[in-house]
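Residues per chain, in single letters:
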Amino acid sequence: MENISFRPGMMQGAEHEQGADQEQNQKLNSINCPVDHKETAFGTGLLSDIGNFIYNSAPIGEINVALAGAVAFMAGLTGGAYNVSGTGLNQYVLIIGQTGIGKEGAPGGITKLVQAVSASVPAVYDFLGGNPVSIEALLKRLAVNPCGLLFFGEAGYKIKAMTARNANPAKVAMMAGLLDIYGKSGAGSILQGQEHSDRDKNTIAAKSPALSILGDTTPETLFENLGESDIANGFLPRWLMFHAGSKRGELNENALKEPWPKLQQAVADLATQCLQSAHIGRVTDVKLDGPAQELSRGMSSFATRNINDATAEVNRHLWNRAHLKTLKLAALRAVGNNYLNPIINEADFVWAMNMVMAQTEGVLAKFERGEVGELGGNQNKQQAEVVRVIRDYMSRSWLDCSKYHGDEIMHRGGVISFAHIQQRLSPTAAFKNDRIGPRDAVIRTIKSLLESDIIREVSQKQMVEMFGKHPRAFVVSDPKAILAGP
């Protein structure tokens, strides 16, 4: 078995390795019908075929967009008919990319595929839902069709509305419902109905609802309106997040209008299997072979160590879901390889594990860099960010801090310069959008910490005597406040 080392940084550049580079994009332009079980950027088997079709049917093809679409479609189709580790294969999938990058290619390709398959399996449309405007509407749909895929266009704005401090009760109820629904997909689970004073809003219980969601957003809309509370409540950790590339591809003048016959038949066969399973109440458990079980145990232990060693709640909550997300993703690929007897093998697990770890580390890196948080101007958030930077500087090695302003002697002496703090924080969401400008916002925040005697300024004379130079710099006067952090 391949020797896998469980460690942070398993995939470098964690926001961008889920797919491939521009060269791979160009190569895939010429692919119409991949060989079964050949490893590609999209995996193997049916999952790979669907990803390739979405890519090649899009006006602007983008690998991570197509991969996200393939995962979401497979999850919407199979989420209720198959279980792994006691849960369904449903997925909340989010495509993150700038405007014009080709995010619409995923829902567009899925729609073309469903239209083609409906010629032989009309009920395949049961797996596609509308865009419910309330939790009551969504629960009523799930009571009738417990398994399916919803398109969540402009998801960033919808998530913003649900997570805002002043969110209206209907939006809060929607988020609470999505949190609850995600974990109720396993066989034997029940999503309880709701009773309202207005009887028209009453809903009945849904059996093992396997709701999958495919959403899209720009990075700014999503990350600048989220905070640690959205990690702690489990909402963000439930999502698989696929980052589209930063460069827009060329127009595909030969975009496919329909799937090739072999793919159309394969999806029709799987849809028929899932519809029959739903009709008779059959759920197929996806097993792991020996090497995959060993990898699964290793990743579970790795996630547990990260949870136990975490110094921030964000780390704990993100790693808490990483193992189960990997199992569900690997199971989708296994079902695509053999829906009659799906077994996760080593390659399936490594593929899914690398993707989930890359995405998890990518979100953690954004928190580390201060790129996740409220829009600029929130002074409590700004103070928390300055304290975080000072704490990192004092607790980490000089090697970790050396790419920013300062020198090793100052670092050993516990002296941090204003330039270091400013360099770290000026590009972050909390400061760059402040109406007074990022530099003045940093100055204002440091002044507040000085007045609270959390830090003290080192005089120019002392700086020259100790270090032979006199940048504006500070030392910690209240270690407990820095270590505890806001």
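Rules and cut-offs
Residues numbered from 1 in each chain as written. Predicted model: local features only at pLDDT ≥ 70, side-chain atom pairs only at ≥ 80, totals over all residues. Heavy atoms only, no water. Helix = DSSP H or I, 4+ residues; strand = E, 2+ residues; numbered from the N terminus. Expected span 1.5 Å × (residues − 1). Contact = heavy atoms within 4.5 Å. Polar contact = N/O pair within 3.5 Å; in protein donor to acceptor, adjacent residues only side chain to side chain. Phe/Tyr/Trp six-rings, centres within 6.5 Å; stacked < 30°, edge-to-face > 60°. Buried < 20%, exposed > 50% of the residue type's maximum accessible area, 1.4 Å probe, protein only. Lys NZ or Arg CZ within 6 Å of the ring centre and 35° of its normal. pLDDT = per-residue confidence, 0-100. Axes fitted to C-alpha atoms, helices over the stretch in contact; angles between N-to-C directions. Pairing = 2+ DSSP bridges. 1 Å grid on protein atoms, 1.4 Å probe; cavity = no way out; pocket = protein on both sides within 12 Å on 5 of 7 lines; lining within 4 Å. Points joined across faces, edges and corners; volume = space filled by probe spheres on them. Nonpolar A, V, L, I, M, F, W, Y, C, P; charged D, E, K, R; others polar.

**A few points about helix 11 (residues 290-309)**
Now for step 1: For helix 11, spanning 20 residues, the distance from its first C-alpha to its last is 29 Å, which sits close to the expected 28 Å at 1.5 Å a residue.
Now for step 2: In this structure, the buried residues of helix 11 make contact with strand 10 (287-288), helix 12 (313-337), strand 11 (343-344) and helix 13 (346-368).
Now for step 3: Capping of helix 11 at its N-terminal end is provided by D289; its side-chain oxygen lies 2.9 Å from the backbone amide nitrogen of A292.

**Digging into the packing of aromatic side chains**
Now for step 1: What the rule picks out here adds up to six aromatic pairs.
Now for step 2: Both rings, one in Y92 and one in Y182, keep their centres 4.9 Å apart while their planes meet at 70 degrees; by these two values the pair is edge-to-face. A residue pair is termed long-range when its members are at least 10 positions apart, and Y92 in strand 3 (residues 92-96) and Y182 in helix 7 (residues 169-182) qualify at 90 residues. No difference in accessibility class separates Y92 from Y182, as the two residues are buried.
Now for step 3: Look at Y92 and W239: their rings are 5.3 Å apart centre to centre, the planes differ by 50 degrees, and that puts the pair in the tilted class. On the criterion of sequence distance, the pair formed by Y92 in strand 3 and W239 in strand 8 (residues 239-243) is long-range, its members being 147 residues apart. For the residue pair Y92 and W239, the accessibility class agrees, reading buried in each case.
Now for step 4: Three or more aromatic residues joined by ring pairs make a cluster, and in this case those are Y92, F152, Y182, F235 and W239.
Now for step 5: The positively charged end of K158 is found above the aromatic ring belonging to F152, 4.8 Å away from the centroid.
Now for step 6: Over the ring of Y182 we find K328, and its NZ or CZ is 4.8 Å from the ring centre.

**Remarks on the confidence of the model for the protein chain**
Close inspection of predicted coordinates is inappropriate in any region flagged by low pLDDT.
Now for step 1: Residue-level pLDDT values for the protein chain average 86, and 88% of them are 70 or greater.
Now for step 2: The low-confidence segment residues 1-38, where pLDDT is below 50, has 90 contacts with residues more than four positions distant or belonging to other chains.

**Observations concerning the packing of helix 3 (residues 63-78) against helix 10 (residues 261-280)**
The description of two helices packed together rests on the angle between their axes and the distance between the axes.
Now for step 1: For the pair helix 3 and helix 10, the least separation of the axes is 9 Å and the interaxial angle reads 35 degrees. Of the residues in helix 10, those in contact with F73, M74, L77 and T78 of helix 3 are V267, L270, A271 and C274.

**A look at the pairing of strand 7 (residues 210-217)**
The side chains of a regular strand alternate, residue by residue, between the two faces of the sheet.
Now for step 1: Counting buried positions along strand 7 gives eight out of eight residues, so the element sits mostly inside the fold.
Now for step 2: What you see with strand 7 is no split at all: A210, S212, L214 and D216 on one side and L211, I213, G215 and T217 on the other are buried throughout.
Now for step 3: With six bridges joining them, strand 4 (residues 147-152) and strand 7 adopt parallel strand pairing. Looking across to strand 7, one finds that F151 is bridged to L214.

**Here's the deal with the layout of surface pockets**
Now for step 1: In this structure, the second largest pocket occupies an estimated 500 Å³ of space.
Now for step 2: Lining the second largest pocket are 23 residues; nearest its centre among them are G80, P146, K207, S277 and A278.
Now for step 3: Listing elements by their share of the lining of the second largest pocket, those giving two or more residues are helix 3 and helix 10.
Now for step 4: Looking at which element gives the most residues to the lining of the second largest pocket, the answer is helix 10, with five residues.
Now for step 5: When its residues are assigned to classes, the lining of the second largest pocket shows 11 nonpolar, nine polar and three charged.

**Overview of the sheet that holds strand 7**
Now for step 1: Here we have four strands laid out as an open sheet, ordered 4-7-3-8, and parallel in their pairing. Edge strands, defined here as strands with exactly one partner in the open sheet, are strand 4 and strand 8. Each strand of the sheet is rotated relative to its neighbour by a mean of 15 degrees, with strand direction disregarded.
Now for step 2: Examined bridge by bridge, strand 3 and strand 8 share five bridges and lie parallel to one another. Within strand 8, the residue paired with I96 across the bridge is H243.
Now for step 3: Relative to the sheet, helix 4 (residues 105-117) contacts strand 3, strand 4 and strand 7, its axis offset from that of strand 4 by approximately 140 degrees.
Now for step 4: Against the sheet, helix 5 (residues 135-144) engages strand 4 and strand 7, with an angle of about 150 degrees to strand 4.

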